[in-house]
Amino acid sequence: MMTDKQAITENIITDEMANPSPAKSMGDPGITPLSPSHIQNDTDQVRSEPSFVVVVAIDFGTTSSGYAYAFTKEPECIHTMRRWEGGDPGVSNQKTPTTILLTPDRKFHSFGYAARDFYHDLDPSESKHWLYLEKFKMKLHTTANLSIDTDLHAANGKRVKALDIFAYALAFFKEQALKELSDQTGGDFDNNDVRWVITVPAIWKMPAKQFMREAAYKSGLVSRENPEQLIIALEPEAASIYCRKLRLHQMVDLGTQTTQNGFSPTDNVGSGMTQVSPGHAKEHVRRNRQSRTFLVENVIGELWSELEEGDRYVVVDCGGGTVDLTVHQIRLPEGHLKELYKASGGPYGSIGIDYEFEKLLCKIFGQDFVDQFKIKRPAAWVDLMIAFESRKRAAAPDRTNPLNINLPFSFIDYYKKFRGHSVEHALRKSNVDFVKWSSQGMLRMSPDAMNSLFKPTIDHIIQHLTELFEKPEVSNIKFLFLVGGFAESPLLQQAVQNMLQGRSRIIIPHDVGLTILKGAVLFGLDPSVIKVRRSPLTYGVGVLNRFVEGKHPPEKLLVKDGTRWCTDVFDTFIAADQSVALGEMVKRSYTPAKPSQQVIVIHVYCSERENVSFISEPGVKKCGTLRLDVSGTESTALRREIQTLMQFGDTEIRAMAVDVSTGRTVKASIDFLSH
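What counts as what
Residues numbered from 1 in each chain as written. Predicted model: local features only at pLDDT ≥ 70, side-chain atom pairs only at ≥ 80, totals over all residues. Heavy atoms only, no water. UniProt positions renumbered as here; feature names shortened; annotations may be inferred. Helix = DSSP H or I, 4+ residues; strand = E, 2+ residues; numbered from the N terminus. Contact = heavy atoms within 4.5 Å. Areas by Shrake-Rupley, 256 points an atom, 1.4 Å probe, with all protein chains shown as cover. Buried < 20%, exposed > 50% of the residue type's maximum accessible area, 1.4 Å probe, protein only. Polar contact = N/O pair within 3.5 Å; in protein donor to acceptor, adjacent residues only side chain to side chain. Salt bridge = Lys/Arg side-chain N within 4 Å of Asp/Glu carboxyl O. Expected span 1.5 Å × (residues − 1). Axes fitted to C-alpha atoms, helices over the stretch in contact; angles between N-to-C directions. Left-handed = near helix turned anticlockwise from the far one by under 90°. Pairing = 2+ DSSP bridges. Right-handed = clockwise from strand over helix to strand, strands pointing away. pLDDT = per-residue confidence, 0-100.

- If you check an unreviewed UniProt entry, the chain appears there as Heat shock 70 kDa protein 12A from Monopterus albus.
- Per UniProt, the chain carries the Sequence similarities (unreviewed entry) text "Belongs to the heat shock protein 70 family."
- According to the UniProt record, the Function (unreviewed entry) comment for the chain is "Adapter protein for SORL1, but not SORT1. Delays SORL1 internalization and affects SORL1 subcellular localization."

1. Describing the overall build of the chain
1) Next: When helices and strands are tallied, the chain shows 18 helices and 33 strands.
2) Next: Contacts spanning at least 24 positions in sequence make up 71% of the contacts within the chain whose residues lie at least 6 apart.
3) Next: In the structure as shown, the chain presents an accessible area of about 28,200 Å², 51% of it carried by carbon and sulfur atoms.

2. Quick look at the side chain of arginine 588
1) Next: Mapping arginine 588 onto the fold places it in strand β28 (residues 585-590).
2) Next: Judged by its relative accessible area of 4%, arginine 588 falls in the buried class.
3) Next: Of the polar contacts made by the side chain of arginine 588, one reaches the backbone oxygen of threonine 572; its length is 2.8 Å.

3. Let's talk about unusual backbone geometry
Leaving glycine out, the prevailing phi sign among residues is negative, and the prevailing peptide bond configuration is trans.
1) Next: Within the chain, arginine 106 stands out as a residue other than glycine whose phi angle is a positive 70 degrees.
2) Next: Along the polypeptide, arginine 106 turns up in the loop between β6 (99-102) and β7 (108-111).
3) Next: With a relative accessible area of 38%, arginine 106 lands in the partly exposed category.
4) Next: Of note, lysine 135 is a non-glycine position whose phi angle comes to about 50 degrees, a positive value.
5) Next: Mapping lysine 135 onto the fold places it in the loop between β8 (131-134) and α5 (138-142).

4. A closer look at the pattern of salt bridges
1) Next: Enumeration over the complete set of coordinates arrives at 26 salt bridges.
2) Next: Between lysine 161 and aspartate 151 there is a salt bridge, with its nearest N and O atoms 3.1 Å apart. Highlighted residues: lysine 161 in strand β10 (residues 159-161) and aspartate 151 in strand β9 (residues 151-153), separated in sequence by 10 residues.
3) Next: For lysine 161, a relative accessible area of 34% puts it in the partly exposed group.
4) Next: By relative accessible area, aspartate 151 is classed as buried at 17%.
5) Next: Look at the salt bridges and you will find they share partners, linking Lys135, Asp354, Glu389, Lys392 and Arg393 into a network.

5. Quick word on helix α7 (residues 206-219)
1) Next: End to end, α7 covers 20 Å across 14 residues, agreeing with the expected 20 Å (1.5 Å per residue, within 8%).
2) Next: Of all 14 residues in α7, 13 are buried; the element is thus mostly enclosed.

6. Quick look at the packing of helix α16 (residues 447-470) against helix α17 (residues 490-500)
1) Next: α17 packs onto α16 with a crossing angle of 35 degrees between their chain directions and a minimal axis gap of 10 Å. For the element pair α16 and α17, the recorded crossing hand is right-handed. Residues Asn451, Phe454, Ile458, Ile461, Ile462, Leu465, Thr466 and Phe469 of α16 form the contact with α17, whose participating residues are Leu491, Leu492, Ala495, Val496, Met499 and Leu500.

7. Re the pairing of strand β11 (residues 194-200)
For a regular strand, side chains alternate in direction, first toward one face of the sheet and then toward the other.
1) Next: Most of β11 sits out of view: 7 of its 7 residues are buried.
2) Next: Alternating positions in β11 separate into two faces, Val194, Trp196, Ile198 and Val200 on one and Arg195, Val197 and Thr199 on the other, with burial throughout.
3) Next: Here strand β2 (residues 54-60) pairs with β11 via 5 bridges, running parallel. Bridge assignment links valine 54 to a residue of β11, and that residue is valine 194.
4) Next: As paired strands, β11 and strand β12 (residues 230-234) are joined by 5 bridges and run parallel to one another.

8. Focus: the environment of glutamine 250
1) Next: If you trace the backbone, glutamine 250 turns up in the loop between α8 (235-243) and β13 (251-253).
2) Next: Put simply, glutamine 250 and valine 512 are 262 residues apart on the chain and 9.9 Å apart in space, counted from C-alpha to C-alpha.

9. A look at the pairing of strand β22 (residues 505-509)
1) Next: Burial analysis of β22 places 4 of its 5 residues in the buried class, the great majority of the element.
2) Next: In the sheet, β13 pairs with β22 via 3 bridges, with the strands oriented antiparallel. When the bridges of β22 are listed, aspartate 253 appears paired with isoleucine 507.
3) Next: Regarding topology, α17 serves as the crossover connection from strand β21 (residues 477-483) to the parallel β22, and that connection is right-handed.

10. Description of the sheet that holds β13
1) Next: If you trace the 8 strands from one edge of the open sheet to the other, you get β13-β22-β21-β15-β16-β17-β23-β27, paired in mixed fashion. Edge strands, defined here as strands with exactly one partner in the open sheet, are β13 and β27 (579-581). Within this sheet the neighbouring strands show an average axis-to-axis angle of 25 degrees, counted without direction.
2) Next: Here α16 sits on the sheet and contacts β15 (312-318), β16 (323-331), β17 (336-346) and β21; the angle it forms with β16, its principal contact strand, is near 30 degrees.

11. Looking at the sheet that holds strand β18 (residues 403-406)
1) Next: Ordered in space as β18-β20-β19, the 3 strands form an open sheet in which the pairing is antiparallel. At either margin of the open sheet sits one strand with a lone partner, and together these are β18 and β19 (435-438). Pairwise comparison of adjacent strand axes, ignoring direction, gives a mean angle of 30 degrees for this sheet.
2) Next: Note that β18 and strand β20 (residues 442-445) share 4 bridges and pair antiparallel. Within the sheet, the bridge partner assigned to isoleucine 405 lies in β20 and is leucine 443.
3) Next: On top of the sheet, helix α11 (residues 351-365) reaches β18, β19 and β20; it is set at about 110 degrees to β20, its chief contact.
4) Next: Contacts between α16 and the sheet are confined to β18 and β20, with β20 contributing the most and set at about 85 degrees to the helix.

12. Observations concerning the environment of valine 435
1) Next: Note that valine 435 resides in strand β19.
2) Next: What makes valine 435 buried here is its relative accessible area of 2%.
3) Next: Counting along the chain gives 12 residues from valine 435 to proline 447, while the straight-line C-alpha distance between them is 9.9 Å.

13. Some words on the confidence of the model for the chain
1) Next: Per-residue confidence for the chain gives a mean pLDDT of 83; residues scoring 70 or more make up 82%.
2) Next: Considering only residues more than four positions removed or in separate chains, one finds that residues 258-291, a stretch of pLDDT under 50, has 45 contacts.

Right under this line is the structure:
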């Protein structure tokens, strides 16, 4: 924060627009910017870090979630959460499924495996009244005008408020983590001693990040009065921070290995890649299985010793819902990171494969049946998807034997009732020739059939990577880190290898699904490690400028009290893909239209284009509001000037303001959720 004294001594550059401006055409109160200027602040000045005893990071994923923590006194010791009860065959359960169950009267019942198992054991007549939700995080990415009131649909088709569901989930993690910390420290652990970190995809827009923060306030994770107790971390950034610490035995380098067929799925060594020194790797895996504590070397990892000042690398975070690509450059000696190109990606996570499987079932059994079955037998549908999940993980480029998927009895039974003929009959007469019925009552898929389910999702990722690598900022990439749960897929690994053709080394950390979680803890311990980011969008406000003949379009002319103004001018705070240093402020001054005005409300506009001249241009949308509460700052000064500082270099956009004549702080907030 700037101190009041500083703010007063900052000399204000006023221009000929300093006279109170006429009302603007867009129904905004009359505001005129006085002094557009960028000030670079020392990060240390911006925020004095409060002291916390422990950092707890929550990786709230689309398909699975978990938490990890480290005590600030031993930052190199990262503990991942206790093992969860439950678990699936063929799926490592260091995290728990992101599933939540509410009782028929909408109270929280359970989360994760517990929710799934309980829901599954309910009698169908009962289960239809319970509210079961899964894969609901994607709603925050796909909803265009996200608000506090956005709804989600439970498995039985009933609507629930998204904010309640996210708050219940965070409250559950808070309780679990505090319980574990209390057991560790032998006393009641105080939530005020925790700095919480929640991870979100880097491609999320501000409304989705703010929604997560609102859910955290509602869940009691942190209070509105103490916002800095919660940090929003970007998933690929967290992965990047962790990857810098990797030692050679903690990863697989795809370039130097042969792919093995005969690997046992328990050796989670980057799925079927042998190590340079197999003995070393086995030893490492064995160690990991007993302990949930990861020692992060305080030195920068061995891999890093190969990186020189200015080297660039890409982190590809392939999760359940989204794929996020981040390009970082290393700055020595401290190893700070600088973002080179704005985060990109899209909804190309592994659930895309589940949707393809669902489409395949619709093709064979009919959309009408599948829709009915999901609503009428929701627990059996969940079962079917669990069976598919474990086979999905067995898909590999060189697989030759078919994959069998168990159809739940109630699927077979309900289909016969619904259609009047058997599942076997449906498979025979469907023209899907690579899915057969096996005598044991299973769907038998050829490897090609399974690979074709992966294809649309992997094609999206490869297309995105190809486009990214064509950008001038993305040349000479030394390493590509493949992280996130989907990175374990040999099909995806092979596709990335084929695309890169040896241009960069592909590195996959062990426990690739936990990379983000561990990196988020490191980020919480030192949020200033990422010094420069790129703005994903152009942000600004609409203002009035003096009308200039020949420069401004005549339809924008507004004459007020004999002065000619140009309306709808876009005053850019920050442009898309512009570099912003941590703590860098954009400074503007605003004047209330009337001396009696209590609140100044300024509409914030954004666009994906870098150069915007008018807020009326196509692709420019209103995306938020900046509120300055000027009540109680009335002064005798002829012109009140409110100096506003906005910070864009962090994972969230923040605003603060000061009344120049009195030096008093003005309450400023910037809101991106539509109301």
